[in-house]
Amino acid sequence: MNIKVKDSALAAAAEEGMDAFIEVVVKGFKDYVGSDELTHEAMQALTPDQITLWGYLILRDELCDGGFIQLIHNGYGPFFFLNPFAKAMRLWGLKEFSKFIYRARELYEEYHEDIEREMNYDEFMALYEQYPEFEDLDDEFICMEEQVTGRVAAYLDDHLLDFIDIVK
């Protein structure tokens with residue numbers, strides 16, 4: 001594996017907390033692929049676990065910022081709902097979170113075409129009133145986010161060498 005992260009950066013991030021720990025590893029991915037975006041080209045250079053970890057950060061950030069409507073409108077729906085992201089979460093030991101993603105997928109499948117279309121800001125904001133079904137899922141995620149992120153960080157810690165090479 002060619003993704004190198006300094007031991008000192010990992011130690012400092014671990015002291016800051018689970019968010020910083022995950023982010024320093026994903027920064028290693030970004031540096032390796034030369035992009036801050038998880039593009040098709042970036043995914044071709046990464047392993048499925050690396051893609052899943054980076055994807056989790058995208059999911060968390062999108063949901064904490066604007067919920068599922070924002071995530072879907074920003075074009076991330078296919079990545080999370082039409083790929084094995086939920087299965088990967090289950091394989092990482094996050095069975096309940098995996099079920100949560102599958103529940104969100106049902107709403108995605110029903111409403112994604114309208115949410116993904118081009119629109120102005122006011123039309124986008126109106127989506128939150130048009131599709132209140134997403135609000136319960138958004139609230140549920142906010143309540144579970146810290147626990148889920150902690151479990152993702154624990155998985156990463158237990159399998160760190162599957163994700164990166166640690167250098168002095």
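Because the structure is predicted, anything quoted here is derived from the model rather than measured.

**Regarding the overall build of the protein chain**
Inference 1: Counting secondary structure elements, the protein chain contains 10 helices and 2 strands.
Inference 2: Reading the secondary structure of the protein chain in the N-to-C direction produces β-α-α-α-α-α-α-α-α-α-α-β.
Inference 3: In terms of C-alpha radius of gyration, the protein chain reaches 17 Å, essentially the compact-globule figure of 15 Å for 168 residues.
Inference 4: Dimensions of the protein chain along its principal axes, counting C-alpha atoms only, are 50 × 30 × 25 Å.
Inference 5: Residues counted as buried form 45% of the 168 residues belonging to the protein chain.
Inference 6: A separation of at least 24 residues holds for 67% of the contacts in the protein chain among residues at least 6 apart in sequence.
Inference 7: One finds the centroid of the 14 positive side-chain charges in the protein chain at a distance of 10 Å from the centroid of its 36 negative side-chain charges.

**Notes on the packing of aromatic side chains**
Inference 1: Applying the stated criterion across every chain yields a total of 17 aromatic pairs.
Inference 2: Every member of this aromatic cluster is reached through a ring pair, and the members are Y56, F68, F81, F97, F100, Y108 and F141.

**Quick notes on helix 4 (residues 48–73)**
Inference 1: Relative to the 38 Å expected for 26 residues at 1.5 Å per residue, helix 4 spans just 24 Å between its end C-alpha atoms, considerably shorter than the ideal helical length.
Inference 2: If you look at helix 4, its biggest bend is around 120°, right at G66.
Inference 3: Across the 26 residues of helix 4, 20 count as buried, placing the element largely inside the fold.
Inference 4: Following helix 4 by one or two positions, G75 has its phi on the positive side, about 90°.

**Let's talk about the packing of helix 4 against helix 8 (residues 121–130)**
Packed helices, taken two at a time, are described by the angle between their axes plus the distance between the axes.
Inference 1: Between helix 4 and helix 8, the shortest axis-to-axis distance is 10 Å and the interhelical angle comes to 130°. Between helix 4 and helix 8, the interaxial angle falls into the category oblique. When you trace helix 4 past helix 8, the crossing you get is right-handed. Residues G66, I69, Q70 and H73 of helix 4 form the contact with helix 8, whose own contacting residues are F124, L127 and Y128.
Inference 2: For the contact of helix 4 with helix 8, the class distribution of residues is 4 nonpolar, 3 polar and no charged.

**Structural notes on the packing of helix 1 (residues 7–16) against helix 2 (residues 18–33)**
Inference 1: Two elements in contact, helix 1 and helix 2, have axes separated by 6 Å at closest approach and are oriented at 150°. Here helix 2 runs roughly antiparallel to helix 1, going by the angle between their axes. Residues A9, L10, A13, A14 and E16 of helix 1 lie in contact with helix 2, whose contacting residues are A20, F21, V24 and V25.
Inference 2: For the contact of helix 1 with helix 2, the per-class residue count stands at 8 nonpolar, no polar and 1 charged.

**Structural notes on the layout of surface pockets**
Inference 1: Considering only enclosed or pocket space, the largest pocket measures out at about 220 Å³ in volume.
Inference 2: Considering the residues around the largest pocket, the lining is formed by M43, P48, D49, I51, T52, F79, N83, P84, F85, K87, A88 and L91.

**A few points about the pattern of salt bridges**
Inference 1: In the structure shown here, the tally under the stated rule is 8 salt bridges.
Inference 2: Of the charged contacts in the structure, one is a salt bridge between R105 and E109, with a shortest N-O distance of 2.6 Å. Here R105 pairs with E109, and both are found in helix 7 (residues 95–116), just 4 residues apart, close to one helical turn.
Inference 3: Look at the salt bridges and you will find they share partners, linking D19, E23, R60 and D61 into a network.

**Some details on the environment of L10**
Inference 1: On the secondary structure map, L10 appears in helix 1.
Inference 2: When the C-alpha positions of L10 and E109 are compared, they lie 39 Å apart, and in sequence the two are 99 residues distant.

Scoring rules and cut-offs
- Counting restarts for each chain, with residues numbered from 1 along the sequence as it is written.
- Residues qualify for local features only when their pLDDT is at least 70, as the model is predicted, and side-chain atom pairs are given and counted only at 80 or more; totals for whole chains, interfaces and linings, by contrast, use all residues.
- Heavy atoms throughout the structure, all of them, feed into the side-chain values; hydrogens and water do not.
- Counting from the N terminus, the helices are the DSSP runs of H or I reaching at least four residues and the strands are the DSSP runs of E reaching at least two.
- In this treatment the radius of gyration is a C-alpha quantity, and the globule benchmark scales as 2.2 Å times the residue count to the 0.38 power.
- Each residue is placed in one exposure class: buried if its accessible area under a 1.4 Å probe, protein chains only, is under 20% of its type's maximum, exposed if it is over 50%, and partly exposed if it falls in between.
- By definition, residues are in contact when any of their heavy atoms lie within 4.5 Å.
- Residues counted as positive are Lys and Arg, residues counted as negative are Asp and Glu, and His and the chain ends are not counted.
- Each charge is placed at NZ for Lys, CZ for Arg, CG for Asp and CD for Glu.
- Pairing of aromatic rings covers Phe, Tyr and Trp, the last counted by its six-membered ring, and requires centre-to-centre distances within 6.5 Å; plane angles under 30 degrees mean stacked, over 60 mean edge-to-face, and any other angle means tilted.
- Here the expected span of a helix is defined as 1.5 Å times the quantity of residues minus one.
- We define the bend at any residue as the angle between the axes fitted to the seven residues before and including it, ending there, and the seven starting there.
- In this analysis, axes come from line fits to C-alpha atoms, helices being fitted only over the stretch in contact, and the angle between any two N-to-C directions falls in the range 0 to 180 degrees.
- We call two directions roughly parallel when the angle between them is under 35 degrees, roughly antiparallel when it is over 145, roughly perpendicular when it lies between 65 and 115, and oblique otherwise.
- Note on convention: near helix rotated counterclockwise from far helix by under a right angle means a left-handed crossing. Clockwise means right-handed.
- In the scheme used here, Gly and all other residues not listed as nonpolar or charged are polar, with Ala, Val, Leu, Ile, Met, Phe, Trp, Tyr, Cys and Pro taken as nonpolar and Asp, Glu, Lys and Arg as charged.
- Only protein atoms enter the 1 Å grid used here. Points where a 1.4 Å probe fits but cannot escape make up a cavity, open sets with protein on both sides within 12 Å along at least five of seven lines make up a pocket, and a residue lines them when an atom lies within 4 Å of a point.
- Grid points are joined across faces, edges and corners, and a volume is the space filled by probe spheres set on the points.
- Salt bridges are defined as contacts in which a side-chain nitrogen from Lys or Arg sits within 4 Å of a carboxyl oxygen from Asp or Glu.

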